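Structural characterization, general
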Amino acid sequence: MNGLRIVSRRKDRQSGWRLLVKKAIDRTTAALLLLLLCPLLLLIALAVRVSMGSPVLFRQRRPGRYGRPFELVKFRTMRDASDGNGRPLGDSERLTSVGRLLRSLSLDELPQLWNVLKGELSLVGPRPLLMEYLPRYTRAQTHRHDALPGITGWAQVNGRNALTWEQKFELDAWYVDHWSIALDLRILLATFTRVLQRDGISQPGHDTMPEFLGVRPRRNSHYSLE
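This write-up is about the structure you can find in this document. (Residues numbered from 1 in each chain as written. Predicted model: local features only at pLDDT ≥ 70, side-chain atom pairs only at ≥ 80, totals over all residues. Heavy atoms only, no water.)

1. Remarks on the overall build of the protein chain
A count of helical and extended segments in the protein chain gives seven helices and four strands. Element order for the protein chain, N to C, with α for helix and β for strand: α-α-β-β-α-α-α-β-β-α-α. Counting across all 226 residues of the protein chain, residues that qualify as buried make up 43%. Summarising the internal contacts of the protein chain: among those between residues at least 6 apart in sequence, 73% fall at separations of at least 24. In the structure as shown, the protein chain presents an accessible area of about 12800 Å², 57% of it carried by carbon and sulfur atoms. (Helix = DSSP H or I, 4+ residues; strand = E, 2+ residues; numbered from the N terminus. Buried < 20%, exposed > 50% of the residue type's maximum accessible area, 1.4 Å probe, protein only. Contact = heavy atoms within 4.5 Å. Areas by Shrake-Rupley, 256 points an atom, 1.4 Å probe, with all protein chains shown as cover.)

See below:
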């Protein structure tokens, strides 16, 4: 997986002066928000430290644009816990009350403003998922990596985690093909509404999004993973 890069043959919309404008908006906004939200960030960090101990931040390698890995940072929402055999408990058992509150308000995502400031992440774009998902995508699904990943995105304002993986990837691909600065601003405005409504936090019966295992081939067809 190290060094794995996803290459697309489609037209790259995020390029030239438009990409420079997007990055300028991202970094300026991230810097201002980090300054303005500093008291809130400190308060959340204290709540996580008291309820779950250290570390306060959750760090994980995620695929960025074209699949290039970077280290994403979030506030921790789960405690470290395992069963009698030393195996980690399920997400629902490790998710704390503080963690549920942070997730419901998307406050656990705030440290990612640092990723935006570093240019690894955008305010808007397909969500960066797990590195191990990369070989599970179909060729069409890898198109989501042709744009900068984001804190929020088209899929997040159109159902968030209540969507299936296939629906989310279709929305991500649509965003990449129709990207514009105006669309980013529209998504940012819609994000505030979705957060206040707390819609689509998880799928029914799940506290977190279930693992993406790839697309299952259809019976009696020649469909195969790409």
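2. Considering the nonpolar core
Counting residues in each nonpolar core, the largest one holds 20 residues, and the members touching the most others are Val116, Trp154, Tyr175 and Ile187. Mapped by element, the contributors of at least two residues to this core are strand E2 (69–75), helix H5 (112–117), strand E3 (122–124), helix H6 (165–178) and helix H7 (181–197). Ranked by residues supplied to this core, first place goes to H6 with three residues. Excluding anything up to four places from it in sequence, isoleucine 187 contacts Val124, Thr152, Gly153, Trp154, Val157 and Tyr175. (Core = buried A, V, L, I, M, F, W, Y, C linked by side-chain atoms within 4.5 Å.)

3. Things to note about the packing of aromatic side chains
Each aromatic ring pair is described using two quantities: the centre-to-centre distance and the angle formed by the ring planes. Applying the stated criterion across every chain yields a total of eight aromatic pairs. A centroid spacing of 5.6 Å and a plane angle of 75° characterise the contact between tyrosine 133 and phenylalanine 212, whose relative ring orientation is edge-to-face. Placement of tyrosine 133 in the loop between E3 and strand E4 (150–152) and of phenylalanine 212 in the segment after H7 is noted, with a sequence separation of 79 residues between them. The two residues tyrosine 133 and phenylalanine 212 agree in class, both being buried. An aromatic cluster of at least three residues, connected via ring pairs, comprises Tyr133, Tyr137, Trp165, Phe169 and Phe212. (Phe/Tyr/Trp six-rings, centres within 6.5 Å; stacked < 30°, edge-to-face > 60°.)

4. A few points about the pattern of salt bridges
For the coordinates displayed, the defined rule picks out eight salt bridges. A salt bridge links lysine 22 to aspartate 184, with the nearest nitrogen and oxygen atoms 2.5 Å apart. In this pair, lysine 22 sits in helix H1 (residues 16–36) while aspartate 184 sits in helix H7, placing the two residues 162 residues apart along the sequence. The burial state of lysine 22 is the same as that of aspartate 184; both residues are buried. For glutamate 120, the salt bridge identified is with lysine 118, shortest N-O distance 3.4 Å. (Salt bridge = Lys/Arg side-chain N within 4 Å of Asp/Glu carboxyl O.)

5. Here we look at the pairing of E2
Judged by how many residues are buried, E2 sits mostly within the fold: five of seven residues are covered. The loop that links strand E1 (residues 57–63) with its antiparallel partner E2 comprises five residues; one of these, tyrosine 66, has a positive phi angle of about 60°. (Pairing = 2+ DSSP bridges.)

6. Section: the packing of H6 against H7
Direction vectors running N to C along H6 and H7 enclose 140°, while the axes themselves pass 9 Å from each other. By the criterion of interaxial angle, the relationship of H6 to H7 is oblique. Mapping the contact onto sequence places Trp174, Tyr175 and His178 in H6 and Leu183, Asp184 and Ile187 in H7. Grouping the amino acids of the contact of H6 with H7 by side-chain chemistry returns four nonpolar, one polar and one charged. (Axes fitted to C-alpha atoms, helices over the stretch in contact; angles between N-to-C directions. Parallel < 35°, antiparallel > 145°, perpendicular 65-115°, else oblique. Nonpolar A, V, L, I, M, F, W, Y, C, P; charged D, E, K, R; others polar.)

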